[in-house]
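# Structure at a glance
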Amino acid sequence: VETGGKYGYIDKDGKYAINPQFDDAYSFADNGLAAVETGGKYGYIDKDGKYVVNPQFDYAYSFADNGLALVQTGDKYGFIDKTGSYVIKPQFDGAYDFTGNGLAEVKVGDKYGFIDKTGKFVINPQFDHVDSFADNGLAAVESDDKYGFIDKTGSYVINPQFDDAYVFANDGLASVRLGDQWGYIDKTGAYVINPQFDR
């Protein structure tokens, strides 16, 4: 919660468990740590409000389920463990958190690819834009101003043909745009609802 420009944490009764003292704060992850900012640097506190990882990062994100957290140092991104040690050194020009599929989207130069939790490229940087993999194992990617969908090997399952696309939802459909009209496709790329909506 924010009070007077500072962030703290309350319990279920609305009482302060950690007094407002941080310039920014995230929710606690399953490992019991939360990213907070003090004086322009981010670190991680425990539920007693004590620093477990001292403020040292230019930006920090919550820990993912695989035990790694995305952090920014200067203009590079890397991943740390709960001790604050780098598991994947800052080397990427952009990055997103690890998701349930075990992969993270990273940017090298102006291209995106996917790494595993060791930092090894599973799919080399080659796309202009990427979304996370959905539960059906497909991710929307952009290349040469067209969107298609790849599997976890980086192979196209649905060739680039759309002007925009979003990740597959739990219902098994993905919204895609052709020209100015949006519709929905299934995982074979077939239209279930033809493009007809403005948004």
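## A short note on the pattern of salt bridges
Summed over the entire model, instances satisfying the criterion amount to five salt bridges. For Asp-23, the salt bridge is made with Lys-6, and the minimal N-O distance between the two is 2.5 Å. Here Asp-23, found in the loop between β3 (16-22) and β4 (24-25), pairs with Lys-6, found in strand β2 (residues 6-10); they are 17 residues apart in sequence, far enough to count as distant. Residue class for Lys-6 comes out partly exposed when judged on its relative accessible area of 33%. With a closest N to O distance of 2.6 Å, Lys-41 and Asp-58 form a salt bridge. Of the two residues, Lys-41 is situated in strand β6 (residues 41-45) and Asp-58 in the loop between β7 (51-57) and β8 (59-63); the sequence distance between them amounts to 17 residues. Residue Lys-41 is classed as partly exposed on the basis of its relative accessible area, which comes to 32%. Asp-58 gets classed as partly exposed once you look at its relative accessible area, which sits at 30%.

## Quick word on a nonpolar patch on the surface
A surface patch of nonpolar side chains, about 310 Å² in accessible area, is lined by Tyr-184, Val-192, Ile-193 and Phe-197. In terms of residue count, strand β23 (residues 191-197) provides more of the nonpolar patch than any other element does, three residues in total. Along the chain, the position of Tyr-184 falls in strand β22 (residues 181-185). On the basis of relative accessible area, Tyr-184 is assigned to the partly exposed category, the value being 33%.

Definitions and cut-offs
- Residues numbered from 1 in each chain as written.
- Predicted model: local features only at pLDDT ≥ 70, side-chain atom pairs only at ≥ 80, totals over all residues.
- Heavy atoms only, no water.
- Salt bridge = Lys/Arg side-chain N within 4 Å of Asp/Glu carboxyl O.
- Helix = DSSP H or I, 4+ residues; strand = E, 2+ residues; numbered from the N terminus.
- Buried < 20%, exposed > 50% of the residue type's maximum accessible area, 1.4 Å probe, protein only.
- Patch = residues over 30% accessible without salt bridge, like charges linked within 9 Å, V, L, I, M, F, W, Y side chains within 5 Å.
- Areas by Shrake-Rupley, 256 points an atom, 1.4 Å probe, with all protein chains shown as cover.

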